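Coordinates in review
Residue-level listing of the chains:
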Amino acid sequence: MGRRTNNVHPVSGFSDDGRWWWDGTTWVATPQVVLPQLPPTEFEQSGRLKKARDRRRKGRWLFWTLGFAGPDILQEVSPDILPYASDYRLWTLEQLALATTYLLGPDEPMVAGETSMYDIGDSWTRPLAVAVTATHVVVFRIDSLDGQPRWIVLVGRPIDVKIESRPGVFGLLWPALKVSGWSGLWTIRGQPGMFKAEPVLDAWRQAVKGTGRTA
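Procedures and definitions
- Residues numbered from 1 in each chain as written.
- Predicted model: local features only at pLDDT ≥ 70, side-chain atom pairs only at ≥ 80, totals over all residues.
- Heavy atoms only, no water.
- Helix = DSSP H or I, 4+ residues; strand = E, 2+ residues; numbered from the N terminus.
- Polar contact = N/O pair within 3.5 Å; in protein donor to acceptor, adjacent residues only side chain to side chain.
- Contact = heavy atoms within 4.5 Å.
- Pairing = 2+ DSSP bridges.
- Axes fitted to C-alpha atoms, helices over the stretch in contact; angles between N-to-C directions.

Our next topic: the side chain of Thr 41. Relative to the helices and strands, Thr 41 resides in the loop between β3 (27–29) and α1 (42–45). In this structure the side chain of Thr 41 is engaged in a polar contact, spanning 3.2 Å, whose partner is the side chain of Glu 94. Look past the residues within four positions of Thr 41 in its chain and what remains in contact with it is Trp 91, Glu 94, Gln 95 and Leu 98.

Below you can see the structure in the form of structure tokens.
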């Protein structure tokens, strides 16, 4: 499988097929990798996460209190209360950057990323997220809405991974990124107006181009 090294000690990285991760001392099967607690992000340290969580609690209360009055009432609610999901998305992108650095080292930062973020009843969910670097595509599974990227469901070289964009259709389908590789197909669904597929697609295409091939 080989491993990357520097002048001092082995550093983390994945095997060429993405099925194994070198943790600095031994190879671990990718599905068995569990990320430790990540350090606080700038979003958390600034206090914005606490405000977003407060808005989420208020939003759930309003969903059940005003929802019975009809959707028109909910649409009139102040935008400062309900759209905490966009804040959660920004927080997740910062988490993705930290998780990517943990797995691949500081010399291979995340170039672009996106997270699942869509509403389910009175709340939201963010089960999956994707990060693209210059030489890898990583799909993470997030442990909970208020948690962090915890597991890896797919990792591969850009030339071994396919990423496609699916637009939303008349409110019946969420816009999505479909990422496929050796572990199967993973769909990153997002909220219309908030989900940004193009930066991820552009980063992936650029990474593939860097190998001398085309996406």
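The next point concerns the sheet that holds strand β2 (residues 20–22). Taken together, the three strands give an open sheet; going across it, the order is β1-β2-β3, and neighbouring strands pair in antiparallel fashion. A strand with exactly one partner marks an edge of an open sheet, and here the two such strands are β1 (13–14) and β3. As judged from the three bridges shared by β2 and β3, these two strands associate in the antiparallel manner. Considered in β3, the bridge of Trp 20 is made with Ala 29.

Let us now look at the sheet that holds strand β4 (residues 112–115). Sheet strands pair via backbone hydrogen bonds, and the direction of the pair is either parallel or antiparallel. Overall, antiparallel pairing links the four strands, which are arranged β4-β7-β8-β9 in an open sheet. Whereas interior strands pair on both sides, the edge strands pair on one side only; in this sheet they are β4 and β9 (149–156). Averaged over neighbouring strand pairs, the angle between their axes works out to 20 degrees when direction is ignored. Relative to β9, strand β8 (residues 137–142) is paired through six bridges, and the arrangement is antiparallel. Across the sheet, Val 139 pairs through a bridge with Leu 154, a residue of β9. Lying over the sheet, helix α4 (residues 85–104) contacts β4, β7 (128–132), β8 and β9, oriented at roughly 125 degrees with respect to β4. Against the sheet, helix α5 (residues 198–209) makes contact with β4, β7 and β8, and its axis sits at roughly 140 degrees relative to β4, the strand it touches most.

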